[in-house]
Each structure stands twice: as C-alpha cells, then as structure tokens.
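Residue-level listing of the chains:
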Amino acid sequence: MQELHFAMPIMSLTAIISAGVMTLNWFMYQTADGVRQWMFSMQLMALTCLLLIGISYQPEAVTFVALTCLFASFYFFVNGTEKFFKLPHSHTVWIIIAVVYFALVSWFSFVDSNRAMRYIASYSLVTISMGLSIRTLMVCTPSHHQRPSLSRWGFLVACLSVFAVLSIHLLTLDVKSQPAVLTSLTTSQVLVIAATVCLPIILCVAFSLLCGAQQLEKMALLAQKNKQASLLKGRFLTMLSHELRTPLNAIVGHADMLKRIPREPQKHAQLCDVISEAAHSLSDLANQVLLQAKGEQVGAQLKPVNLPEQARSVFELLLPLSKNKGLELKLRIDERLEELYFLTDKESLLLILKNLMSNGIKYTEHGEVILSVNLQEPQRKHGSLERRVQFSVSDTGIGLSQNALDYIFEPFASTQLEHNISNSAGFGLSLSKQLVEHLGGELTVCSEVKQGTVFSFSLQLNSCDIPATQKAADENKAQQIALSTSRILVVEDNLLNQEVLKHYLQDTKMYCEYVRSLTDATDAIKAETFDVILLDMHLPDGHGLEWWQNLQGHFEPAQAPTVIALTGDADEEAQQKYLQHGITYCLEKPISGAILLSVLEHVGTAHTTQINPLQLLDEQVVAHLNKQFDSQFLNTKLMYLADTFDYEFAQLQGLADIQAIEQLEVKLKTLIQECIDLGLKALAQALVETKDAVRAKQVIDWRALHHYAKQNALALQNYQKQFCAVRNI
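About the thresholds
- Residues numbered from 1 in each chain as written.
- Predicted model: local features only at pLDDT ≥ 70, side-chain atom pairs only at ≥ 80, totals over all residues.
- Heavy atoms only, no water.
- Helix = DSSP H or I, 4+ residues; strand = E, 2+ residues; numbered from the N terminus.
- Buried < 20%, exposed > 50% of the residue type's maximum accessible area, 1.4 Å probe, protein only.
- Contact = heavy atoms within 4.5 Å.
- Areas by Shrake-Rupley, 256 points an atom, 1.4 Å probe, with all protein chains shown as cover.
- UniProt positions renumbered as here; feature names shortened; annotations may be inferred.
- Core = buried A, V, L, I, M, F, W, Y, C linked by side-chain atoms within 4.5 Å.
- Expected span 1.5 Å × (residues − 1).
- Pairing = 2+ DSSP bridges.
- Right-handed = clockwise from strand over helix to strand, strands pointing away.
- Axes fitted to C-alpha atoms, helices over the stretch in contact; angles between N-to-C directions.
- pLDDT = per-residue confidence, 0-100.
- Patch = residues over 30% accessible without salt bridge, like charges linked within 9 Å, V, L, I, M, F, W, Y side chains within 5 Å.
- Salt bridge = Lys/Arg side-chain N within 4 Å of Asp/Glu carboxyl O.
- Parallel < 35°, antiparallel > 145°, perpendicular 65-115°, else oblique.
- Left-handed = near helix turned anticlockwise from the far one by under 90°.
- Nonpolar A, V, L, I, M, F, W, Y, C, P; charged D, E, K, R; others polar.

Moving on, we come to the overall build of the protein chain. The helix and strand inventory of the protein chain stands at 25 helices and 15 strands. In the protein chain, which comprises 729 residues, the proportion classed as buried is 46%. Of all intrachain contacts in the protein chain linking residues separated by at least 6 positions in sequence, the fraction that spans at least 24 positions is 74%. Total accessible area on the protein chain stands at roughly 37,600 Å², and carbon and sulfur atoms take up 58% of it.

Right, here's the structure in full:
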C-alpha cells in the first residue's frame with residue numbers, strides 16, 4: 001500500500017484539475033443531460049483525495065467522511081451516465097448498496113478499525129459503479145448521427161482502467177504498516193503509481209469526449225432538419241402550385257368562354273357565377289394555407305346548406321377542366337336530398353370536394369370522374385334528427401400503389417421528383433383530411449394501380465329548416481330606402497378595389513366619396529358628415545385601426561359613423577382586435593357584394609330608425625342604480641359598456657364557432673343577468689331568445705346581435721345623461 005502514499009498527493013492535484021475541467025464542461029454543455037452530475041462526481045473525488053492524503057495519521061472520523069465523499073462521487077458518476085444515455089435510474093439498487101457500504105465502513109472505522117476491510121468495501125463500491133456504467137453504455141444504442149468509435153470506446157476504456165488499477169491495488173494490498181521509502185519502490189509499483197495518478201484525468205477525458213460527441217450529434221440533427229426543411233419547401237411550392245392552378249384554370253377558361261359566346265345574358269351570368277366561385281375558392285385556399293402554416297384550425301361556421309346545390313356548383317366549376325382532357329364528369333345525387341337543408345361548414349365542404357375532384361381530373365387520362373352524394377338512414381340523437389350523408393369521388397385514373405397508400409395523407413411526404421407528384425397527391429389531400437376530421441368524419445381511400453381511386457367520407461349532419469330568402473319586392477324596396485339615406489366614405493388605396501366597390505354601390509343611390517389615404521379621409525370627415533366609413537386597414541400612410549382610434553374620440557357617441565373594416569387579414573385574432581377597438585364589422589377580401597349590401601342594410605336601418613330608450617330600458621332599475629351608486633361612477637362605467645360588449649360578443653361568437661354549446665349557454669346566462677342588473681330589458685330578452693335558438697341549433701346572426709347590443713348600450717348611456725341632468729335641475 002505504500003505506493004498509495006506517494007500517489008495520493010499527486011492524484012489530489014490531478015483530481016482538482018479534472019474537477020475544474022468538468023466545471024468548464026458544465027458551463028459549455030449545460031443543456032446536456034448528466035454533465036452536472038459528472039461535475040459533482042469529479043469535485044467529490046478531488047475532496048476525497050484531499051482527505052485521504054494523510055490517511056495514516058488522520059482520525060477515523062475524517063476517514064469516514066472521506067469514504068462518504070467517495071460513495072457520493074461514484075453515485076453521481078453512475079447517475080450522470082444513466083442521464084446522459086437516457087436510461088432510468090435504479091433507486092432500489094443504490095439503496096441496497098448504500099446500506100451495505102455504510103454498514104461496513106461504519107463498523108470497520110469506529111468498532112473494529114481495519115484499513116484493509118475499508119479498502120475492500122471501497123473497491124466493491126467502485127467495481128459495482130463501473131459495472132453499472134458499462135451496462136448503461138452497452139444497453140444504449142447509438143443513433144446513426146453519433147460517432148461512437150472514440151467517445152463510447154473511450155468511456156469504456158476509462159471504466160476498465162479504473163477497475164484494473166484498483167484490482168492491482170487490492171491484489172498487492174499489505175495490511176502491515178511499513179515506512180514509505182521512495183528508493184525502495186519497484187518498477188511495477190512506479191507504473192501503478194502513474195496509473196493511479198492518471199485515473200481522474202482519464203475519467204475527465206472520457207466525459208469530455210462524450211459531451212463533444214453529443215454536441216456533434218445535435219449539429220448533425222440540425223443540419224438534417226435544415227436540409228429536410230429545404231426539401232419540404234420545394235415540395236410545398238410544387239403542391240401548392242397544383243392546388244392554385246385548379247381554380248385559376250377555371251377562371252381563365254370561363255373568361256375565354258365569356259369572350260367567345262355571343263350576347264346571351266343568361267349564359268354570361270352563369271359563366272360569371274363560376275368565375276366568382278373560383279375566385280372565392282382561391283381566397284378559401286389562401287386562408288386554409290395560412291391557418292395550417294400556423295398550426296391552427298378554423299372554427300366551423302355552421303350554416304344551412306343544400307348539399308345538391310353545393311355539389312352542382314363544384315361540378316360546374318370543374319366541368320371545363322374535364323372537357324379539356326376529354327374526360328366524362330358525372331354527378332350522382334340522392335333524390336331525397338333535393339329538398340333538405342343541413343347545418344354544416346359550407347366553405348370547408350366545398351374545399352374538400354374541389355380538392356378531391358380536381359385531383360381525380362388531374363390524375364385521370366381516360367375515362368370518367370364521378371361525384372356521388374347519398375343519404376343513409378336517419379338517426380335520432382339527443383332529441384334532434386341526425387342524418388348520415390356519404391360523399392365519394394371516384395376516377396378511372398392511374399391509381400395508387402400500396403406503398404403510396406401508406407403515406408397518401410401525410411403533408412409533403414412524397415419521395416418522387418417534383419415533376420411527378422401523382423403518387424402523393426400533395427398538399428390538397430392533407431388539407432382535405434384535416435377538414436373532414438374537423439367536420440366529424442374520416443377520409444378514406446381505396447385504390448389499385450391502373451384501376452382508379454375512390455375517396456370517400458361520411459358526415460353526421462343535423463337537418464334544419466329552409467333559410468328565409470330576401471327576394472320579396474317589398475323587402476328589396478325597404479332595403480333600397482334604407483341604403484339611399486346613407487352617406488359613405490370609402491377609404492381604399494387600390495384603384496381596382498375602388499372600381500369593385502363602385503360597382504356594388506352604384507344601384508343603392510347612396511352618396512359615396514372615395515379617397516386613397518388616411519390623410520385625405522381625415523380632410524373629408526372634417527368637411528362633411530358621413531354615416532358609414534368603409535375602411536381598408538392597410539394603407540400607405542398608416543394602419544386603419546390606429547387612425548380610427550385617434551379619430552373616434554372627436555365624435556359624440558350618437559354622432560360617430562359606423563366603421564366597416566375591409567381587410568385581407570384571415571387571422572381571427574386580428575379581426576377580434578378590430579371589433580374590440582371601435583370597428584363595428586369586418587369584411588374579408590375579396591368582398592362579396594351581397595354581404596356588403598346586407599351589412600349596409602343593418603347600418604342604414606339603425607341610422608334611420610329612432611328607437612325610444614324606454615322601449616329598451618327598465619326605468620326602475622336605472623333609478624335604483626343611481627341611488628345605489630354615485631352618478632359619476634355610474635356614468636364612467638356606462639361609458640365603457642359598448643367596449644365591454646365588443647369583448648363579450650367576440651367570446652360568444654368564438655364559442656359558437658367551435659361548437660362549445662355548454663360554455664356558450666353559461667356565457668349567455670351570465671350576460672343575461674348582467675343586462676337585467678343594468679336595466680337593459682330588451683337586450684336581455686334578445687339574449688334569452690338567442691339562448692333558446694342555440695339549444696334548437698338554429699343559425700344566429702352574431703354580428704346583428706352585437707350591433708343591437710351596442711345600440712342598447714348607447715341608449716342606456718344617453719338615458720343616464722338625461723336622468724342626471726333632470727335630477728340636477
């Protein structure tokens with residue numbers, strides 16, 4: 001044992017250096033698992049060596065502390081190794097080891113002082129630790145990015161070296177205390193001393209190699225992800241081009257037909273309808289791409305839909321594409337569906353059918369493409385009549401291999417060249433599958449190579465009443481009167497968009513002024529009074545919302561014009577922000593003429609109809625509020641009531657969009673009670689009727705209800721001012 005006497009001081013120095021190196025490694029690789037435990041292990045090993053320098057003359061208590069530090073050092077050694085290689089830590093094994101080890105060390109330190117037995121206990125601890133570490137190394141399978149030849153083998157050699165050196169010490173153990181004389185050491189003893197001194201450095205180098213290898217692995221993974229992202233980008237652009245070309249081809253083809261056909265108003269109107277539908281299809285696709293890129297889903301907008309009518313619109317849109325390829329496009333609709341209406345998301349359903357049929361046409365060279373819509377047996381569920389409708393699109397095209405079927409719905413999963421993406425069907429199928437699942441169905445595919453493909457899905461839909469139409473002459477006349485009394489300021493910088501709006505508004509007999517910047521809009525408002533502002537939100541000299549927020553404070557609440565945002569923002573959060581900060585309506589581009597006129601009708605009716613506040617309010621409740629609260633406090637609260645309704649109704653519409661019916665009813669119940677407490681009796685009644693309509697699964701015009709709520713808030717605010725004025729006389 002006398003070689004330990006000479007090795008321990010130098011080993012203490014190497015252990016301290018190794019602890020310092022491992023501390024630097026921890027600063028460099030803090031995110032790596034196990035590095036902190038290895039740092040603790042080397043620091044405790046250095047402390048153990050310092051305590052054991054004078055073991056021959058140290059008290060037994062100090063020796064016991066040194067052996068405790070040795071146990072902690074190798075515990076962290078194994079724990080760090082297991083964390084680094086991501087294997088579970090065996091707590092039970094270490095509890096048993098601790099009990100046995102400390103029992104032996106305590107006995108042979110304080111009861112029967114025996115240096116040899118203490119060394120054997122320590123040797124057993126280190127041997128078990130090395131064995132557990134080697135087992136962890138062997139069980140863990142290296143990834144294909146890792147270069148294990150140096151780091152893993154280096155760690156294995158380090159563990160075996162520790163085991164070998166301690167085994168030599170055990171075999172040459174001499175329990176008799178002999179004076180240490182440097183000149184009496186043999187060559188083998190000098191080699192053992194050198195090996196002992198190098199043990200901390202060997203372990204430190206092994207740890208450092210493992211940390212460096214893991215860092216290289218992370219860099220390799222990052223490089224692979226970047227390469228994959230680049231490939232996906234190319235595939236995405238190719239597949240998106242495919243999805244965009246379908247409606248674009250329809251627009252170009254029908255525009256060319258429109259030019260060549262003689263003056264036939266009815267035929268021209270049909271062609272224009274197809275062009276308009278294709279343009280809206282492009283808008284829908286752009287919205288869906290943006291939402292999918294953000295990892296979001298659009299909320300289902302449930303509307304009464306006649307399924308045969310929607311199927312025919314898709315059929316008419318894609319008919320020119322099939323004719324150009326010499327294909328026969330067929331439509332098979334169950335006759336029982338002709339008179340039925342269902343509540344579903346019209347836009348999503350149309351996009352699904354367009355994607356499936358356009359893919360069928362694209363990958364079919366000869367034969368036919370068939371769209372089938374069939375009604376299955378009705379079912380009663382939760383008191384409402386539900387019907388299952390089966391949709392299928394079949395073709396006689398090139399078909400799909402079994403290998404392609406395994407990943408047909410994965411986005412950008414094609415391994416084919418960009419010029420041959422038929423085996424993947426691309427972005428459209430991934431999007432279609434997502435939309436079908438969002439509607440509560442499952443998109444399936446059945447295909448054979450050179451035999452054709454069939455895509456199908458079924459939806460469980462609630463039937464509803466036929467929606468009321470607005471084609472009566474008296475209603476059109478009333479609308480014309482309401483619109484003719486409005487003065488509109490159109491703030492739009494794009495001249496083509498201005499021409500579209502002029503076309504929509506030319507038959508309404510409204511006074512319209514058109515400007516192209518916010519500066520001109522400010523000058524126009526100073527010069528004249530307007531009832532409505534059609535405001536583009538992104539203009540060369542600023543943002544429309546910021547402009548209106550700065551301007552609306554200059555108007556009395558009853559005199560402020562109604563602002564309708566014209567925006568290309570498909571982001572729901574952006575639109576909710578507009579509604580919460582003074583914008584009454586948000587219309588997405590491309591603007592629909594029918595929707596624009598409908599919104600203007602609501603606004604015109606509100607401006608021309610004088611509503612008696614006493615018809616909307618409960619006088620007794622308002623009087624009680626004035627007794628209960630200070631008038632100034634109440635006035636301040638009511639001043640922000642309209643803004644509060646903006647937030648509340650944004651939440652209501654959001655809950656309706658995601659079909660969270662229970663939460664929607666709870667929110668409506670709370671809002672009804674708040675309206676009753678404020679004396680808004682008419683609004684409370686309207687909300688009660690809305691709650692009943694929600695239970696009956698009827699379609700609700702949330703924008704109209706929101707506008708009505710703001711009218712009621714304004715009426716309460718004005719009545720409160722009059723009430724205070726009369727009371728102060």
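Before going further, it helps to spend a moment on the UniProt feature "modified residue: 4-aspartylphosphate" (unreviewed entry) in the protein chain. Per the UniProt record, the feature "modified residue: 4-aspartylphosphate" (unreviewed entry) sits at Asp-536. Mapped onto the elements, Asp-536 comes out in strand 11 (residues 532-536). Asp-536 gets classed as buried once you look at its relative accessible area, which sits at 4%.

Below, the discussion takes up the nonpolar core. Core analysis: the largest hydrophobic core is formed by 49 residues, its most contacted members being Leu-307, Leu-318, Leu-329, Leu-356, Val-389, Phe-391 and Phe-457. Ignoring any residue separated from it by four or fewer positions in sequence, one finds Val-389 in contact with Leu-307, Leu-337, Phe-342, Val-373, Asn-374, Leu-375, Phe-457, Ser-458, Leu-459 and Leu-461. In this structure, Phe-84, Tyr-101, Val-105 and Leu-199 belong to the second largest nonpolar core, which totals 46 residues.

Right, let's talk about helix 10 (residues 346-362) for a bit. Residues separated by three or four positions in an α-helix point in the same direction, a consequence of the helix having 3.6 residues per turn. Under the 1.5 Å per step criterion, the end-to-end length of helix 10 is 24 Å for 17 residues, consistent within 8% with the ideal 24 Å. Buried residues dominate helix 10, accounting for 14 of its 17 residues.

What follows concerns the pairing of strand 7 (residues 444-448). Sheet topology places strand 7 next to strand 8 (residues 452-464); five bridges connect them, and they run antiparallel. Across the sheet, Thr-444 pairs through a bridge with Ser-456, a residue of strand 8. Between strand 7 and strand 8, which pair antiparallel and follow one another directly, the connecting turn spans three residues, one of which, Lys-450, has a positive phi of 65 degrees.

This part takes up the pairing of strand 9 (residues 487-491). Side-chain positions along a regular strand alternate between the two faces of the sheet. Buried residues dominate strand 9, accounting for four of its five residues. Where strand 9 lies against strand 10 (residues 511-515), five bridges are found, and the strand directions are parallel. By the bridge assignment, Leu-489 is partnered in strand 10 with Glu-513. Once you follow strand 9 into helix 14 (residues 495-505) and on to strand 10, the crossover reads as right-handed.

Moving on, we get to the sheet that holds strand 11. Pairing within the open sheet is parallel, and its five strands lie in the order 10-9-11-14-15. With partners counted over all chains shown, the strands left at the sheet margins are strand 10 and strand 15 (585-588), one partner each. The average angle at which neighbouring strand axes cross in this sheet is 20 degrees, direction not considered. Contacts between helix 15 (residues 518-527) and the sheet are confined to strand 9, strand 10 and strand 11, with strand 9 contributing the most and set at about 160 degrees to the helix.

Attention now goes to helix 2 (residues 35-52). Along its 18 residues, helix 2 runs 26 Å from first to last C-alpha, staying within 8% of the 26 Å computed at 1.5 Å per residue. Most of helix 2 is tucked away: 13 of the 18 residues are buried.

Averaged over the protein chain, the pLDDT score is 76; the fraction of residues at 70 or greater is 76%. A low-confidence stretch, residues 175-182 stays under pLDDT 50, and its non-local contacts, those more than four residues away or across chains, total eleven contacts. This stretch, residues 413-426, has a pLDDT under 50; its non-local contacts, to residues over four places away or in other chains, come to 30 contacts.

Time to look at unusual backbone geometry. Here Lys-86, not a glycine, exhibits a phi torsion of approximately 60 degrees, which is positive. Among the residues examined, Lys-86 registers a relative accessible area of 60% and is labelled exposed. Despite not being glycine, Lys-450 has its phi angle at roughly 65 degrees, a positive value. Within the secondary structure layout, Lys-450 lies in the loop between strand 7 and strand 8. Judged by relative accessible area, which is 70%, Lys-450 ranks as exposed.

Let's shift gears to a nonpolar patch on the surface. A surface patch of nonpolar side chains, about 460 Å² in accessible area, is lined by Ile-95, Ile-96, Val-99, Val-100 and Leu-104. Considering the arrangement of structural elements, one finds Ile-96 in helix 4 (residues 91-111).

On to the packing of helix 4 against helix 5 (residues 115-139). Closest axis-to-axis distance for the helix 4/helix 5 pair is 9 Å, and the angle between their directions is 165 degrees. Here helix 4 lies roughly antiparallel to helix 5, going by the angle between them. Between helix 4 and helix 5 lies a crossing whose hand is left-handed. Counting all contacts with helix 4, which are made through Val-93, Trp-94, Ile-97, Tyr-101, Leu-104, Val-105, Phe-108 and Ser-109, the residues of helix 5 involved are Met-117, Arg-118, Ala-121, Ser-122, Leu-125, Ile-128, Ser-129 and Leu-132. A class-by-class count of the residues in the contact of helix 4 with helix 5 yields twelve nonpolar, three polar and one charged.

Within the fold, Asn-25 resides in helix 1 (residues 2-28). Assessed through its relative accessible area of 7%, Asn-25 is described here as buried. With near-sequence residues (within four places) excluded, Asn-25 lies in contact with Val-35 and Ser-208.

Let's shift gears to the packing of helix 9 (residues 307-324) against helix 10. The geometry of helix 9 relative to helix 10 is characterised by a closest axis approach of 10 Å and an angle of 35 degrees between their N-to-C directions. In this structure, the crossing between helix 9 and helix 10 has a hand that is right-handed. Only Lys-346, Leu-349, Leu-350, Leu-353, Lys-354, Met-357, Ser-358 and Ile-361 of helix 10 make contact with helix 9, whose side of the interface consists of Leu-307, Gln-310, Ser-313, Val-314, Leu-317, Leu-318, Leu-321 and Ser-322. Residues of the contact of helix 9 with helix 10, tallied by class, amount to ten nonpolar, four polar and two charged.

With that settled, consider the pattern of salt bridges. This model, assessed by the stated rule, comprises eleven salt bridges. Lys-325 is the partner of Glu-365 in a salt bridge, and the nearest nitrogen-oxygen pair spans 3.7 Å. A residue pair is termed long-range when its members are at least 10 positions apart, and Glu-365 in the loop between helix 10 and strand 4 (368-375) and Lys-325 in the loop between helix 9 and strand 2 (328-333) qualify at 40 residues. A relative accessible area of 30% means that Lys-325 is categorised as partly exposed. Connected through salt bridges with shared partners, the residues Glu-328, Lys-330 and Glu-368 form a single ionic network.

Checked against the element boundaries, Phe-409 lands in the loop between helix 11 (402-405) and helix 12 (426-438). Sequence spacing of Phe-409 and Leu-431 is 22 residues, and the spatial spacing of their C-alpha atoms is 8.4 Å. Discounting residues that sit within four places of it in the chain, Phe-409 has contacts with Leu-429, Ser-430, Lys-433, Leu-443, Thr-444, Val-445 and Phe-455.

Below, the discussion takes up the environment of Ile-591. Along the chain, Ile-591 falls in the loop between strand 15 and helix 18 (593-608). A relative accessible area of 12% means that Ile-591 is categorised as buried. With residues up to four places along the chain from it excluded, the contact list for Ile-591 reads Tyr-504, Leu-566 and Leu-596.

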